Amino acid sequence: MRWEIISNLKSYRVSLAFLLLFFLGCAAPVNKKNEAQASDTGAGAKLVQGACSSCHKFSGQPETKFNLKAPDLMWGGVKYQRAWLERWLQGQEENLYPNGYRWDQAGGSEKHMTVSREDAVAVADYFETNLLDERVAKNAIDLSQFTEQERDFGAVIFKQYSCFGCHQIQEDGKNVGGPISANLYDSGNRYNVDWLYRFALNPQDFTPHSGEYLADLSGLGVRYVVGYLMTLGVKDYKFYEPWKSETFQKADANRGAAVYKNYCTQCHGMEGKGDGPGAAGLDPKPAVHAVLPLSDYPEDYLYNVVYYGGKTVGKSPDMPDWGLTIPPQDLADLIAYLRATFKGAPEEAPSAP
Ligand code: HEC
Ligand code: HEC
Ligand code: HEC
């Protein structure tokens, strides 16, 4: 009991010290920021502090849109892709809010003020140096290995989690979805992915009490939907194709045999005859690899059924998704083993899907 009190006291002191440090840490950059602003007499600063701040807020706390005239821009230096921001300021982008930002007021969506190319560059410079947000971490999400399948998961989430109810996307060249908030069909050319990711973790940190919505998504769900948004509007988005990676070039069927034994034989059987002990209670039965021409299966299909599971390719959900369980090199070795071993039984072989 006493020990507990002492240790509580201790942690209390530790948190006090921590809080102090935290405040000191905060105070320093704020001072620096003010100096930078005061000494910055460039065209960007003048515009922002003059024309723009009659509608937008560039400092202070986020608040409900019903107190605002226009979106808060305290984090303007990390929210947008710079090229988009410059185009927006020159009037080369469509409005984001189909019914106007303040849909509760008459007037609807009005044309935004425009500035010259030179001023747009100056404002973007100002944003980049002054409107940062330490909550937005660089590279907190890495989409360099984002696959087409993940994009498809993201698209499903977008509809299942009501995003479609309030944000428009494009289908067959037409705007679809509820026009409550910002349209998202060009997200991939607009947002900085670091901001988008941080926003998705808790929209209320940026737009509280404005009708926004926090979805119950896991880490992977957030990855899928953020990745999906980053593909919207992007021509020829380059998806990662794992089967073309170095891991697959280095794959070894002999090593893959051990992986097959460890993870697959329980259902598919030692020789791939679909007669492992796990097969007994299953309907449909595990595929009989021994008669399937897995050697000729399309690489994306074979990868996706093993990595994301049967349900992803329209088969039974009893075929598990192995992506989180089996490390990348083992998975590549396993697929090399499947291809080298199962070439179909000439008499009864069905054709590849
Ligand atoms: C008369 C009020 C007004 C002025 C002045 C104004 N804006 Fe805006 N701004 C708005 C409104 C309203 C929107 C939302 C428009 C929409 O997309 O439908 C907006 C949107 C934006 C956006 C996109 C915001 C987002 O996240 O959706 C940026 C960036 C922006 N303004 C920057 C500026 C800058 C920089 C200036 C000064 C050069 C400026 N604005 C001047 C009203 C204003
Ligand atoms: C009930 C309506 C509603 C739903 C559902 C909803 N949102 Fe939003 N969203 C908002 C509102 C409101 C905002 C704040 C901006 C504004 O004032 O409109 C917002 C902001 C955003 C923004 C930032 C836009 C910008 O330029 O500032 C993104 C990105 C976004 N939502 C994505 C999503 C995703 C992804 C989902 C689904 C998981 C979703 N939203 C579901 C209402 C909604
Ligand atoms: C829990 C039992 C189970 C385990 C373990 C299992 N599978 Fe399966 N697998 C199935 C079932 C059931 C099907 C058939 C799905 C259907 O027909 O709808 C299947 C189907 C497949 C198919 C699809 C064949 C086709 O024609 O599309 C492949 C490939 C496959 N499994 C590979 C593997 C690999 C590789 C492993 C080991 C990493 C593995 N499975 C582990 C149950 C299992």
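Residues numbered from 1 in each chain as written. Chains lettered and ligands numbered in written order. Predicted model: local features only at pLDDT ≥ 70, side-chain atom pairs only at ≥ 80, totals over all residues.

K.L.:
Tell me what's going on with the overall build of the chain, and back it up with residues and numbers.
P.N.:
Within the chain one finds 15 helices and two strands. Here the chain holds 353 residues, and 23% of them are scored as buried. Long-range pairs, those at least 24 residues apart, make up 65% of the contacts in the chain between residues at least 6 apart in sequence. (Helix = DSSP H or I, 4+ residues; strand = E, 2+ residues; numbered from the N terminus. Buried ≥ 20, exposed ≤ 12 C-beta atoms within 10 Å, placed from the backbone. Contact = placed C-beta atoms within 7 Å.)

K.L.:
Run through the site of ligand 2, naming residues and quoting values.
P.N.:
Cys163, Cys166, Ser181, Tyr213 and Ala215 are the nearest of the 22 residues found near ligand 2. Mapped onto the shell around ligand 2, the elements with two or more residues apiece are helix H7 (163–166) and helix H9 (193–201). At three residues, the largest contribution of residues to the shell around ligand 2 is made by H7. In terms of residue class, the shell around ligand 2 is built from 13 nonpolar, seven polar and two charged. (Near = placed C-beta within 6 Å. Nonpolar A, V, L, I, M, F, W, Y, C, P; charged D, E, K, R; others polar.)

K.L.:
So what's going on with the packing of helix H4 (residues 82–89) against helix H5 (residues 117–130)? Residues and values would help.
P.N.:
At their nearest, the axes of H4 and H5 sit 9 Å apart, and the two run at 135° to each other. Considered as vectors, H4 and H5 are oriented oblique to each other. Seen from above, H4 lies across H5 with right-handed handedness. Here Arg82, Leu85, Glu86 and Leu89 of H4 lie close against H5, whose contacting residues are Ala120, Val121, Val123, Ala124 and Phe127. Of the residues belonging to the contact of H4 with H5, the class tally is seven nonpolar, no polar and two charged. (Axes fitted to C-alpha atoms, helices over the stretch in contact; angles between N-to-C directions. Parallel < 35°, antiparallel > 145°, perpendicular 65-115°, else oblique. Left-handed = near helix turned anticlockwise from the far one by under 90°.)

K.L.:
Help me get a handle on the site of ligand 3, residues and values and all.
P.N.:
Lining the immediate environment of ligand 3, one finds 23 residues, of which Cys264, Cys267, Lys315, Ser316 and Met319 sit closest. Here the shell around ligand 3 gets three residues from one element, more than from any other, and that element is helix H13 (residues 265–268). Residue composition of the shell around ligand 3, grouped by class: 16 nonpolar, five polar and two charged.

K.L.:
Describe the nonpolar core, and please don't skip the residues or the numbers.
P.N.:
Formed by 34 residues in total, the largest nonpolar core has its most connected members in Val123, Leu196, Val226 and Leu229. Listing elements by their share of this core, those giving two or more residues are helix H2 (43–49), H4, H5, H9 and helix H10 (219–231). Split by domain, this core shows at least three residues from each of two domains, domain 2 (41–133) and domain 3 (148–231). In contact with Leu229, other than residues within four places in its own chain, are Leu184, Ser187, Gly188 and Leu196. By size, the runner-up hydrophobic cluster in this structure holds 17 residues, among which are Leu294, Val305, Met319 and Leu331. (Core = buried A, V, L, I, M, F, W, Y, C linked by C-beta atoms within 7 Å. Domains from an automatic or database assignment.)

K.L.:
Talk me through helix H15 (residues 328–341); I want residue IDs and the actual numbers.
P.N.:
Over its 14 residues, H15 extends 20 Å from the first C-alpha to the last, a length consistent with the 20 Å expected when each residue adds 1.5 Å. Considered for burial, the residues of H15 that qualify are Leu331, Ala332, Asp333, Leu334, Ile335, Ala336, Tyr337 and Leu338. On its buried face, H15 is in contact with helix H11 (246–249), helix H12 (253–263) and helix H14 (299–308). (Expected span 1.5 Å × (residues − 1).)

K.L.:
Explain the packing of helix H6 (residues 148–160) against H10 to me, using residue names and the numbers behind them.
P.N.:
Taken N-terminus to C-terminus, the directions of H6 and H10 make an angle of 100°; their axes are 7 Å apart at the nearest point. Comparing the axis directions of H6 and H10 gives the class roughly perpendicular. Packed against H6, whose contacting residues are Glu150, Arg151, Phe153, Gly154, Ala155, Ile157 and Phe158, the element H10 presents Gly221, Tyr224, Val225, Gly227, Tyr228 and Thr231 at the interface. Grouping the amino acids of the contact of H6 with H10 by side-chain chemistry returns seven nonpolar, four polar and two charged.

K.L.:
For the environment of Phe342, give the residues involved together with the corresponding values.
P.N.:
Counting through the fold element by element, Phe342 comes out in the segment after H15. A tally of 23 C-beta atoms within 10 Å means that Phe342 is categorised as buried. Separated by 47 residues in the primary sequence, Phe342 and Ser295 place their C-alpha atoms 6.2 Å from one another. In this structure, Phe342 is in contact with Gly272, His289, Ala290, Leu292, Leu294 and Ser295, ignoring residues within four places of it in sequence.

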